[in-house]
Number of protein chains: 2
Amino acid sequence: MEGWSSTHVSSRPPHRQNTRPTMRDVAERAGVALVTVSRVVNGVGTVREETAERVMAAINAIGYQRNELARSLRPGQNSMTIGLLLGDLTNPFYASLAKAAVEVANRAGYAVLLSTADEDPEVERRAVGELIGRRVAGLIIVPDQGDHAFLNEINGHDHVPIVFVDRPATGAEADVVLVDNEDGGRKATQHLIDQGHRRIAILGAPSYYSTGRRLRGYRKALRRSGITPDSNLVVTLRRGTTEEASAATHTLLTSADPPTAVFSTTGFLTEGVLRACRQLQTSVAIVGFDDFKLADMLPTPVTVVTSDTEELGRHAARLLLDRIDGDDAPSRRTVLPVQLIARGTGEIGTQ
Amino acid sequence: MEGWSSTHVSSRPPHRQNTRPTMRDVAERAGVALVTVSRVVNGVGTVREETAERVMAAINAIGYQRNELARSLRPGQNSMTIGLLLGDLTNPFYASLAKAAVEVANRAGYAVLLSTADEDPEVERRAVGELIGRRVAGLIIVPDQGDHAFLNEINGHDHVPIVFVDRPATGAEADVVLVDNEDGGRKATQHLIDQGHRRIAILGAPSYYSTGRRLRGYRKALRRSGITPDSNLVVTLRRGTTEEASAATHTLLTSADPPTAVFSTTGFLTEGVLRACRQLQTSVAIVGFDDFKLADMLPTPVTVVTSDTEELGRHAARLLLDRIDGDDAPSRRTVLPVQLIARGTGEIGTQ
């Protein structure tokens, strides 16, 4: 999972490292929409003759290169459509991501084919095949944890640019846009340590990439403060539902040596911890990963670490459009920063 | 807005009123996927010869009619893609709707082009043109309040089936799937009356269809209980944001003759009422329209009227697929039921 050819950490959009003129440069020079250039280059749709001439003149003037032209000329290559494959839209994380990606794509003249896979490798595989079969110009994928070598087969002939978002994919090399999970885990745990907590539990489904990184940040923060991680306080959920998190919290809080604080690594898990506390009519210090609506309106406002989810979607879409335009620099890994919002549940006084 | 040719109220999917064989019947008979029939009928893509022969045999056997065939044969007519045009995905209402519609469409072999318009008539118009230009086989639209006669022009030549969801559109006739807004308004208000309230305010942006209906239900419930509606308690917000609702609640609750209860007609507005109450360190009886996550976890759990939003999306998608398959019965209006979930904020004891 670590074998990425190029790694850099940035919260800004990537520079366009490709200096060869792109279709978008042609559009700019000719003063026409990208879709018009695509029509001329691909010979599909109708364009007025004088417009087509202006586009051809721009192509010649800026030296839009032959190999780019050849690539664009492959039938259906630029369908001006991208595919977006992610998890359950009723998870606000995916909804924000989709919203932002659709906005960026539409503004650039691209339509978005939306598909959802819900962590099921078979469904994901079928959906990717379906999208590539529909000649999308590029794909944004939130990959599940399975092996993604199948992408190389499906995509072998078509070479559709792919950007992975939220997690990298094993077995397939492509751009990836992440949030700084490890730093988030560290910040959440450090906040609880700073409030005097020593017995801090972590709830997660560590088979997923992001939870593994959050766990690593948790362990580092504990060790730096001279606290030996207690494996009884590291709880691995099987699926990561609210109900599982609630049951696990119940077990933790009624054990012989309960934790005084919990770091819950997703929004669904945080809700489970809160529900268990209400059921037990007790409370525990909590820091959640990912902010959620009304977190500040609960009886004790909930402290969270969070990142800019819409920026995650925007950034992935911009990166993909650059790739579609011919940017062929080595794969990039972009990591967006996280921040802690202290609201109450992390404080010692709230127990 | 009432000029619909056919009106029936039902929470079940519509019967297929068209008894002529459809492309889906051909697929079933031939034992192949719908997309395969589409390929044979439209002459696009590749299908193995023996499969094509099986499809043609099924067409002849069940008498798939010539006019349907002719319609299907129009270039690009069945792209096996539908367009979905709705509001901000970070509104959980639209996210649930999209999720359900995408699931139904994908299962039937259709891909979904997603576009968002956010109540801006110009953006909606452009997005519709863009989707029809991409030869979608059908469109699901949450229309804004403006005149939709433009749809007849854009769509005049292509006759792409359209289903409106959540609101009907003025100036354009098509199927529409709604929730029972008036009954929801009545149930919310009646609940507050049953708790002993007489001064009940309503917050809404009544220029929208659904809010108008909710207001009508509110007025009817008051009149039936012999309460004269007080126009000072009917608050019209300009955009319907949480911030506006919060400010309006502040004004209402600090007035000389404040209401003892508020009916907030959307989830965003309910949040605004709750925020104003917290700011003023006071409380008021509340019933909200549309349920929301964590409504039951707030200091006083929030009473709501709600409908099955995913069913709204599923139903719209099924109806559209039937239309694409050739169902040409008169336009239908389907109204899904609403129910009240009593949780606390509507009760007299919570004030």
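- Under an unreviewed UniProt entry, chain A has the name LacI-family transcriptional regulator and belongs to Streptomyces avermitilis.

## Digging into the interface of chain A and chain B
Moving on, step 1. Tallying the contact residues gives 35 residues for chain A and 35 residues for chain B.
Moving on, step 2. Summed over both sides, the interface of chain A with chain B buries roughly 3,000 Å², with 59% coming from carbon and sulfur.
Moving on, step 3. Counting across the chain A and chain B interface gives eight salt bridges.
Moving on, step 4. Across the pair Asp88(B) and Lys99(A) runs a salt bridge, and its minimum N-O distance is 3.2 Å.
Moving on, step 5. Summed over the shared surface of chain A and chain B, the number is 18 residue pairs in polar contact (both at pLDDT 80 or more).
Moving on, step 6. Of all elements in the fold, only α5 (92-107), β2 (111-116) and α11 (267-280) of chain A reach the threshold of two or more residues within the side of chain A that touches chain B.
Moving on, step 7. The residue makeup of the side of chain A that touches chain B, split by class, is 17 nonpolar, eight polar and ten charged.
Moving on, step 8. Where β2(A) and strand β2 (residues 111-116) of chain B come together, three bridges link them in antiparallel fashion. Looking at β2(B), one finds that Val112(A) is bridged to Leu114(B).

## Focus: the pairing of strand β8 (residues 261-264) of chain A
Moving on, step 1. Residues of β8(A) alternate between two faces, with Ala261(A) and Phe263(A) on one and Val262(A) and Ser264(A) on the opposite face, all of them buried.
Moving on, step 2. What joins β8(A) to strand β9 (residues 285-289) of chain A is α11(A), and the crossover it makes is right-handed.

## Side note on the sheet that holds β8(A)
Residue and element names in this part refer to chain A.
Moving on, step 1. With mixed pairing, six strands are arranged side by side in an open sheet as β7-β6-β8-β9-β10-β12. Two strands close off the open sheet at either side, each with one partner strand: β7 (234-236) and β12 (339-341). Going from strand to strand, the sheet's axes swing by 20° on average, the running direction of each strand aside.
Moving on, step 2. Relative to strand β10 (residues 303-306), β9 is paired through three bridges, and the arrangement is parallel. Across the sheet, residue Phe 289 finds its bridge partner in β10, namely Val 305.
Moving on, step 3. Relative to β9, helix α8 (residues 181-194) is tilted by about 170°, and along the sheet it contacts β6 (200-204), β8, β9, β10 and β12.
Moving on, step 4. Contacts from α11 reach β6, β8 and β9 within the one sheet, and its direction differs from that of β9 by about 160°.

## Observations regarding the side chain of Ser307(B)
Moving on, step 1. Mapped onto the elements of the fold, Ser307(B) is located in the loop between β10 (303-306) and α12 (309-324).
Moving on, step 2. In contact with Ser307(B), other than residues within four places in its own chain, are Val179(B), Pro337(B) and Val338(B).

## Let's talk about helix α10 (residues 242-253) of chain A
Working note: α-helix, 3.6 residues per turn, so residues spaced by three or four point in the same direction.
Residue and element names in this part refer to chain A.
Moving on, step 1. An ideal rise of 1.5 Å per residue puts 16 Å on twelve residues; α10 measures up with 16 Å between its terminal C-alpha atoms.
Moving on, step 2. Every buried residue of α10 is listed here: Thr 242, Glu 244, Ala 245, Ser 246, Ala 248, Thr 249, Leu 252 and Leu 253.
Moving on, step 3. Structurally, α10 contributes buried residues whose contacts are with β6, β7 and α11.

## Some details on the relation of the copies chain A and chain B
The two chain copies are related to each other by a rotation about an axis together with a translation along it.
Moving on, step 1. Overlaying chain A on chain B yields an RMSD of 0.1 Å, the required transformation being a rotation through 180° with an accompanying axial translation of 0.1 Å. Both copies are brought into coincidence by an operation consistent with a two-fold rotation axis. Looking at the rotation axis and the C-alpha trace of chain A, the residue lying nearest is Leu113(A), at 2.2 Å.

## Section: the confidence of the model for chain A
Residues and elements named next belong to chain A.
Moving on, step 1. With 85% of its residues at a pLDDT of 70 or more, chain A has an overall mean of 84.
Moving on, step 2. Every residue in residues 1-18 is under pLDDT 50, and counting partners more than four places away or in other chains gives 52 contacts.
Moving on, step 3. Counting contacts from residues 66-77, a segment whose pLDDT is below 50, to residues more than four positions away or on other chains yields 21 contacts.

## A few points about unusual backbone geometry
Residues and elements named next belong to chain B.
Moving on, step 1. Of note in the backbone geometry, Arg 135 takes a positive phi value of approximately 65° without being a glycine.
Moving on, step 2. Tracing the chain through its elements places Arg 135 in the loop between α6 (121-133) and β3 (138-141).
Moving on, step 3. Phi at Gln 281 is positive, roughly 50°, even though this residue is not glycine.
Moving on, step 4. Following the sequence through the fold, Gln 281 ends up in the loop between α11 (267-280) and β9 (285-289).
Moving on, step 5. Residue Gln 281 is classed as exposed on the basis of its relative accessible area, which comes to 75%.

## A short note on the packing of helix α8 (residues 181-194) of chain B against helix α9 (residues 209-224) of chain B
Residues and elements named next belong to chain B.
Moving on, step 1. Contact pair α8 / α9: the axes reach a minimum separation of 7 Å and the direction vectors enclose 40°. In terms of axis orientation, α8 runs oblique to α9. Crossing geometry of α8 relative to α9 is assigned as right-handed. Contact residues: Asn 181, Glu 182, Gly 185, Arg 186, Thr 189, Gln 190 and Ile 193 in α8; Tyr 209, Ser 210, Arg 213, Arg 214, Arg 216, Gly 217, Tyr 218, Lys 220, Ala 221, Leu 222 and Arg 224 in α9.
Moving on, step 2. Of the residues contributing to the contact of α8 with α9, the split by class is five nonpolar, six polar and seven charged.

## Overview of the environment of Asp175(B)
Residue and element names in this part refer to chain B.
Moving on, step 1. The residue Asp 175 is located in strand β5 (residues 175-179) in this model.
Moving on, step 2. The class of Asp 175 is buried, set by a relative accessible area of 3%.
Moving on, step 3. Beyond its immediate chain neighbours, meaning those up to four positions away, Asp 175 contacts Ile 162, Val 163, Phe 164, Leu 319, Arg 323, Pro 330, Ser 331 and Arg 332.
Moving on, step 4. A polar contact of 2.5 Å, which involves the side chain of Asp 175, links it to the side chain of Arg 323.
Moving on, step 5. Here the side chain of Asp 175 touches Arg 332 through a polar contact of 2.7 Å, landing on its backbone nitrogen.

Calculation notes
- Residues numbered from 1 in each chain as written.
- Chains lettered and ligands numbered in written order.
- Predicted model: local features only at pLDDT ≥ 70, side-chain atom pairs only at ≥ 80, totals over all residues.
- Heavy atoms only, no water.
- Contact = heavy atoms within 4.5 Å.
- Buried area = accessible area lost by both parts, 1.4 Å probe.
- Salt bridge = Lys/Arg side-chain N within 4 Å of Asp/Glu carboxyl O.
- Polar contact = N/O pair within 3.5 Å; in protein donor to acceptor, adjacent residues only side chain to side chain.
- Helix = DSSP H or I, 4+ residues; strand = E, 2+ residues; numbered from the N terminus.
- Nonpolar A, V, L, I, M, F, W, Y, C, P; charged D, E, K, R; others polar.
- Pairing = 2+ DSSP bridges.
- Buried < 20%, exposed > 50% of the residue type's maximum accessible area, 1.4 Å probe, protein only.
- Right-handed = clockwise from strand over helix to strand, strands pointing away.
- Axes fitted to C-alpha atoms, helices over the stretch in contact; angles between N-to-C directions.
- Expected span 1.5 Å × (residues − 1).
- Least-squares fit on C-alpha atoms with pLDDT ≥ 70 in both.
- pLDDT = per-residue confidence, 0-100.
- Parallel < 35°, antiparallel > 145°, perpendicular 65-115°, else oblique.
- Left-handed = near helix turned anticlockwise from the far one by under 90°.

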